[in-house]
Amino acid sequence: MNTLALTAAKMGLGEAGINAVLGYVVVFFGLVLLMCVVILLGKALAGTNKKAAAKTAAPAASAAPAAPAAPSSVASPPAPGSAGEVKLFDVPDKEAAMIMAIVADRMGKPLNELRFKSIKEVK
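Reading the values: the criteria
- Residues numbered from 1 in each chain as written.
- Predicted model: local features only at pLDDT ≥ 70, side-chain atom pairs only at ≥ 80, totals over all residues.
- Heavy atoms only, no water.
- Helix = DSSP H or I, 4+ residues; strand = E, 2+ residues; numbered from the N terminus.
- Buried < 20%, exposed > 50% of the residue type's maximum accessible area, 1.4 Å probe, protein only.
- Contact = heavy atoms within 4.5 Å.
- Patch = residues over 30% accessible without salt bridge, like charges linked within 9 Å, V, L, I, M, F, W, Y side chains within 5 Å.
- Areas by Shrake-Rupley, 256 points an atom, 1.4 Å probe, with all protein chains shown as cover.
- Salt bridge = Lys/Arg side-chain N within 4 Å of Asp/Glu carboxyl O.
- Expected span 1.5 Å × (residues − 1).

Chemist: Just to check I follow, could you spell out the overall build of the protein for this structure?
Modeler: From N to C terminus, the protein includes three helices and two strands. Starting at the N terminus and ending at the C terminus, the protein contains elements arranged as α-α-β-α-β. Within the span of the protein, comprising 123 residues, buried residues form 6% of the whole. At a minimum sequence separation of 6, the contacts of the protein that also span at least 24 residues come to 61%.

In structure tokens:
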């Protein structure tokens, strides 16, 4: 005979409820423990990524002043507060300006802090 069937038949309602609650407690304890492990590993790996980025950024920052000067073919530098040129593909200037203003408004940032590389109409 099946031992499990015999013990289940002899188990009362209160004992079955206690077993169910204990089972739920064990499962949720395991889930909380697993969540803590994942959070701790995430923080540890994020800390190592920051350290590695700081190490690589330090030599790059020291090499930045040695960069060559801008080519003389550029007529003049962009106006203060601008982020360079925008390539427009089949979009009139007025519509491009409206699109940039809408994006800046939706993002909640000033327009001069955003950089648009190109605007293209999707057909």
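Let us keep going from here.
Chemist: How do you make sense of unusual backbone geometry when you look at a structure like this?
Modeler: Glycine aside, residues mostly have negative phi, and peptide bonds are mostly found in the trans state. Phi is positive for aspartate 90, which is not a glycine, with a value near 60°. Among the structural elements, aspartate 90 can be located in the loop between strand 1 (87-89) and helix 3 (93-107). On the basis of relative accessibility, which here comes to 60%, the residue aspartate 90 falls in the exposed class.

Chemist: Which parts of the structure should I look at to understand a nonpolar patch on the surface?
Modeler: On the surface, a cluster of nonpolar side chains totalling about 450 Å² of accessible area is made up of Tyr24, Val27, Phe28 and Leu31. Tracing the backbone through its elements, the reader meets valine 27 in helix 2 (residues 13-63). Overall, the relative accessible area of 49% leaves valine 27 in the partly exposed class.

Chemist: What exactly am I supposed to notice about helix 3 here?
Modeler: The periodicity of an α-helix, 3.6 residues per turn, causes residues three or four places apart in sequence to face the same way. For helix 3, spanning 15 residues, the distance from its first C-alpha to its last is 21 Å, which sits close to the expected 21 Å at 1.5 Å a residue. Close packing links the buried residues of helix 3 with strand 1 and strand 2 (118-120). Of the residues one or two after helix 3, glycine 108 is the one with positive phi, at around 75°.

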